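One letter stands for each residue in the lines below.
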Amino acid sequence: MKLLLGSSIVTLIFMSTIGALRIPAFELNKPIQTVSKAGGVLSQVLKVNLNDRDREMPENPRFCHGLDCPAYKVVSKTEDYEVREYDSSRWVSTQQLNMNYDAASGMMFMRLFAYIEGNNEKKEKIAMTAPVTTRVIPGQGPACKSNFTMSFFIAPKVDSPPAPSDKAVFLSQMPKQKVFVSSFPGIEHEPDWLKQAEKLGKALLKDKQKFDSSYFYTAGYDSPFRLLFRHNEIWFMATK
């Protein structure tokens, strides 16, 4: 996404990080229990504050490849992440308990793809959108299954999304939400997502940002057959 810095203000901010981070956000109609703590560390951050003109989201960000994407504005940007404000949006979702991210992803994707291909009460086909997000709630221990929730964005032009025919699929909503987002290229698998989520989490702790660290989102924008210039994102939800 191209950002026009125009009359942006660049400031150096020194801050130390300490305290507990709590409160769930994008819940997809499912409860989330949060437990997270952070230690103290001193850091220097280059922060770019964007004025209202610069914060507007392009009609179609390059990495959406012409597909409908959820609308957002960029509030600020550091060397490590963006702070975005997402508008409220509708999604179709499914859940899977599994030990492995990639295995769970394959099963969930096929359920949601079947829904947009017509496995719904209206037998209606719905256009593919981006990104495909997956909320990851880590298991409680090494031999415990994690909770994965994959979602497809439902574009605003879909007036009344049909109810899913598969009982494992459900319609959900994301409220207006501030989100911390980092991006990275390449073909992604479970180790890549985990490495990038840890990297973003550490950057947010260093900057004393308030976020829910008990879960995170992966967001993929590309066909599995796109080999170059891929765009992947990690999301952490901000808390008040």
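Look up a bit, the structure's there.
Thresholds, definitions, all that
- Residues numbered from 1 in each chain as written.
- Predicted model: local features only at pLDDT ≥ 70, side-chain atom pairs only at ≥ 80, totals over all residues.
- Heavy atoms only, no water.
- Helix = DSSP H or I, 4+ residues; strand = E, 2+ residues; numbered from the N terminus.
- Buried < 20%, exposed > 50% of the residue type's maximum accessible area, 1.4 Å probe, protein only.
- Contact = heavy atoms within 4.5 Å.

**Things to note about the environment of Val74**
By the element assignment, Val74 lies in strand 5 (residues 72-77). Val74 sits 104 residues away from Lys178 along the chain, and the two C-alpha atoms are 9.6 Å apart.

**Side note on unusual backbone geometry**
Residue Pro131 is bonded to the preceding Ala130 through a cis peptide linkage, with omega at -5 degrees. Mapped onto the elements of the fold, Pro131 is located in the loop between helix 2 (101-116) and strand 8 (132-137). One non-glycine residue, His65, adopts positive backbone phi at about 55 degrees. Here His65 shows up in the loop between helix 1 (52-55) and strand 5. Judged by relative accessible area, which is 31%, His65 ranks as partly exposed. Phi is positive for Lys123, close to 50 degrees, though the residue is something other than glycine. Here Lys123 is to be found in the loop between helix 2 and strand 8.

**Remarks on the environment of Ile116**
For Ile116, the location among the structural elements is in helix 2. Residue Ile116 is classed as buried on the basis of its relative accessible area of 5%. Each C-alpha atom of the pair Ile116 and Pro164 lies 9.2 Å from the other, and the pair is 48 residues apart in sequence. If we ignore the near neighbours within four places in the chain, the residues touching Ile116 are Glu124, Lys125, Ile126, Met128 and Phe152.

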